[in-house]
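Residue-level listing of the chains:
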Amino acid sequence: MNIMQEIIDRAKANRQRIVLPEGTEERTLRAADRLAADAVVDIILIGNTEEITKLAQKYELPHIKDVCIIDPICHPQKETYTQLLFELRKSKGLTLQEASKLVENPLYLACLMIKNGDADGEIAGAQNTTGDVLRPALQIIKTAPGISVVSGAFLMFTDKKEFGSDGLLVFADCAVMPNPNAKELAEIAIATAQTTKAILGIEPKVAMLSFSTKGSAKHEMCNKVIEATRLAKEMAPDIAIDGELQADAAIVQAIGASKAPGSAIAGHANVLVFPNLECGNIAYKLVQRLAGAEAVGPILQGMAAPVNDLSRGCSVEDIYKLVAICANQAIAAKI
């Protein structure tokens, strides 16, 4: 059984409530229909009920009738969510009238449902920018305790079984933080290790990447990675982590043994933490295109509850898989 199927099966065995605020978007509807048919999660669509019903008929999606549909303009919990948002944001100057209007925005409504315990996770981004998805999430759900940054990880499925965990590696941050400082980079490393364990069920072996291995080069950019490694070990001593390591030293056993003798991570890493977004984003796209790897993500991490952002070029399959991953995040958060 492949790892993605294991993720889907775990979601089926402990069904979570995943809200899709872009409820009238075609790919989202098609994914929701498949997810309902396969009983992967309990889907909540946000959108006008009549419009969703007509679109389901147009696209021939028979299982949409089995999902929960919430009309953002008119639903029984609207006043509850309005009051909740007002209480959360009144110190920032939000008025009750403004809160009443914002709860009609599906992206805000989805986060309020999670905050109120009426949903377990959210997937959006097929129609909306990352900024639009993250803004209400950061205002309402906020980051997890001890974490100040949100980051994005990709699961990289390759046919190179000698690397990572049988060809699977986790890359971060490839989606959110342009240039994290040492503390933020340490938090990204910890969050990515937690994502790896929660979603994949494997023990993370984290390599903090640089163009230097164990002092082979001297530069302030290397110093940031060295400090981030120290901080991550201090903040989470139970995580297997090492750095600074060059990419080949991190994943190739012979090179790791040569360049970083005595390191438990060098040559065995399954989690690669890049020093900045530029490196991470370029790396995952090169591995995806040149090596033919399947890149699943970005998986947003660091939030107090799972909220995930799709690429606007996503496929139905992308949405399906990310919903299953989101469900696994929600399951892990409850343990």
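As a reminder, the structure under discussion sits directly above these lines.
Residues numbered from 1 in each chain as written. Predicted model: local features only at pLDDT ≥ 70, side-chain atom pairs only at ≥ 80, totals over all residues. Heavy atoms only, no water.

**Re the state of the cysteines**
Stated formally: Criterion for a disulfide: a pair of cysteine sulfur atoms within 2.5 Å. Burial classes follow relative accessibility: with a 1.4 Å probe on protein chains only, a residue under 20% of its type's maximum area counts as buried, one over 50% as exposed, and anything between as partly exposed.
Going through the model one piece at a time under the given rule, you end up with zero disulfides. The thiol sulfur of C74 is not disulfide-bonded, and the nearest other cysteine sulfur, from C68, lies at 14 Å. For C74, a relative accessible area of 61% gives the class exposed. Between C279, a cysteine without a disulfide, and C174, which holds the nearest cysteine sulfur, the sulfur-to-sulfur distance is 10 Å. You can call C279 partly exposed: its relative accessible area is 35%.

**Quick notes on the pattern of salt bridges**
Put simply, the rule is: Here, a salt bridge means any side-chain nitrogen of Lys or Arg that lies within 4 Å of a carboxyl oxygen of Asp or Glu. Numbered from the N terminus, helices here are DSSP runs of H or I no shorter than four residues, and strands are runs of E no shorter than two.
Within this structure, the stated rule accounts for 21 salt bridges. With a shortest N-O distance of 2.7 Å, E227 and R230 are connected by a salt bridge. Taken together, the residues E227 and R230, both in helix α9 (residues 220-235) and three residues apart, mark about one turn of the helix. Exposure remark for R230: the relative accessible area of 41% places this residue in the partly exposed category.

**Side note on the sheet that holds strand β9 (residues 271-273)**
Filter applied, for reference: Any two strands with at least two DSSP-identified bridges between them are counted as paired. To get an axis, a line is fitted to the C-alpha atoms, and for a helix only the part in contact is used. The angle between two axes follows their N-to-C directions and goes from 0 to 180 degrees. Residues are treated as being in contact if the distance between any of their heavy atoms lies within 4.5 Å.
Spatial ordering of the open sheet is given by β8-β7-β9-β6-β5-β10, a layout of six strands whose pairing is mixed. The sheet is open, and its two edges are formed by β8 (240-245) and β10 (294-301), each paired on a single side. Each strand of the sheet is rotated relative to its neighbour by a mean of 20 degrees, with strand direction disregarded. Pairing analysis gives three bridges linking strand β7 (residues 205-209) to β9, with the strands arranged parallel. Each bridged residue has a counterpart across the sheet, and for A207 the counterpart in β9 is L272. Packed on one face of the sheet, helix α13 (residues 316-333) meets β5 (151-157) and β10 and runs near 40 degrees to β10.

**A short note on the side chain of E22**
Applicable threshold: Charge assignment: positive for Lys and Arg, negative for Asp and Glu; neither His nor the chain ends contribute. By the criterion applied in these results, polar contacts are pairs of N or O atoms within 3.5 Å in which, for protein atoms, one can donate a hydrogen and the other can accept it, and in which residues neighboring in sequence qualify only through two side-chain atoms.
Along the polypeptide, E22 turns up in the loop between β1 (17-20) and α2 (26-38). An unpaired buried charge is present at E22: no salt bridge exists, and R27, the closest side chain of opposite charge, is 7.0 Å distant. Within the structure, the side chain of E22 is placed 3.0 Å from the backbone nitrogen of A126, a separation counted as a polar contact. Here N128 takes part through its side chain, which lies 2.7 Å from a polar atom of the side chain of E22. Excluding residues within four positions of it along the chain, E22 makes contact with T28, I46, A124, G125, A126, Q127 and N128.

**Some words on a nonpolar patch on the surface**
Short version of the rule: Patch members must show over 30% relative accessible area and no salt bridge, and they are joined within 9 Å when carrying like charges or within 5 Å when they are nonpolar side chains of Val, Leu, Ile, Met, Phe, Trp or Tyr. Using the Shrake-Rupley algorithm and a 1.4 Å probe, accessible areas are obtained, with residue cover drawn only from the displayed protein chains.
Residues I282, L286 and L290 make up a contiguous nonpolar surface patch of roughly 330 Å² in combined accessible area. On the secondary structure map, L286 appears in helix α12 (residues 277-290). The class for L286 is partly exposed, based on a relative accessible area of 46%.

**Thoughts on the sheet that holds strand β2 (residues 42-46)**
Strand order in the open sheet made by the five strands is β3-β2-β1-β4-β11, with parallel pairing throughout. Of all strands in the sheet, those bounded by a partner on one side alone are β3 (68-70) and β11 (307-309). Averaged over all pairs of adjacent strands, the angle between strand axes in this sheet comes to 20 degrees, irrespective of strand direction. Bridge count between β2 and β3: three bridges; the pairing is parallel.

**Notes on the packing of aromatic side chains**
Put simply, the test is: The aromatic pairing rule takes the rings of Phe, Tyr and Trp, using the six-membered ring of Trp, and pairs them if the centres are within 6.5 Å, calling planes under 30 degrees apart stacked, those over 60 edge-to-face and the rest tilted. Charges are assigned to positions over rings by a cutoff of 6 Å between ring centre and Lys NZ or Arg CZ, combined with an angular limit of 35 degrees from the ring normal.
Throughout the structure, instances matching the rule amount to two aromatic pairs. With 3.9 Å between their ring centres and 20 degrees between their planes, F154 and Y284 make a pair best called stacked. Pair noted here: F154 is in strand β5 and Y284 is in helix α12, with a separation of 130 residues, a long-range link. As far as the burial class goes, F154 and Y284 line up, both buried. Geometrically, the ring pair formed by F171 and F274 is edge-to-face, given 5.2 Å between the ring centres and 65 degrees between the ring planes. Here F171 is found in strand β6 (residues 168-172), whereas its partner F274 is found in the loop between β9 and α12, with 103 residues between them in sequence. The class for F274 is buried, based on a relative accessible area of 9%. Stacked on the ring of Y320, the Lys or Arg R34 has its end atom at 4.1 Å from the ring centre.

**Observations concerning the pairing of β1**
Note the cut-off: With its strands directed away from the observer, a crossover is right-handed exactly when the path from the first strand over the helix to the second travels clockwise.
Here β1 pairs with β2 via four bridges, running parallel. Bridged to L20 within β2 is L45. Each parallel crossover has a hand, and for β1 linked through α2 to β2 it is right-handed. In terms of strand pairing, β1 meets strand β4 (residues 121-124) through two bridges, oriented parallel. Across the sheet, I18 pairs through a bridge with G121, a residue of β4.

**Brief notes about the environment of I44**
With respect to the helices and strands, the residue I44 is situated in strand β2. What makes I44 buried here is its relative accessible area of 6%. Sequence separation of I44 and V19 is 25 residues, and the distance between their C-alpha atoms is 4.5 Å. In this structure I44 touches R17, I18, V19, L20, C68, I70, M113, D118 and A119, once residues within four positions along its chain are discounted.

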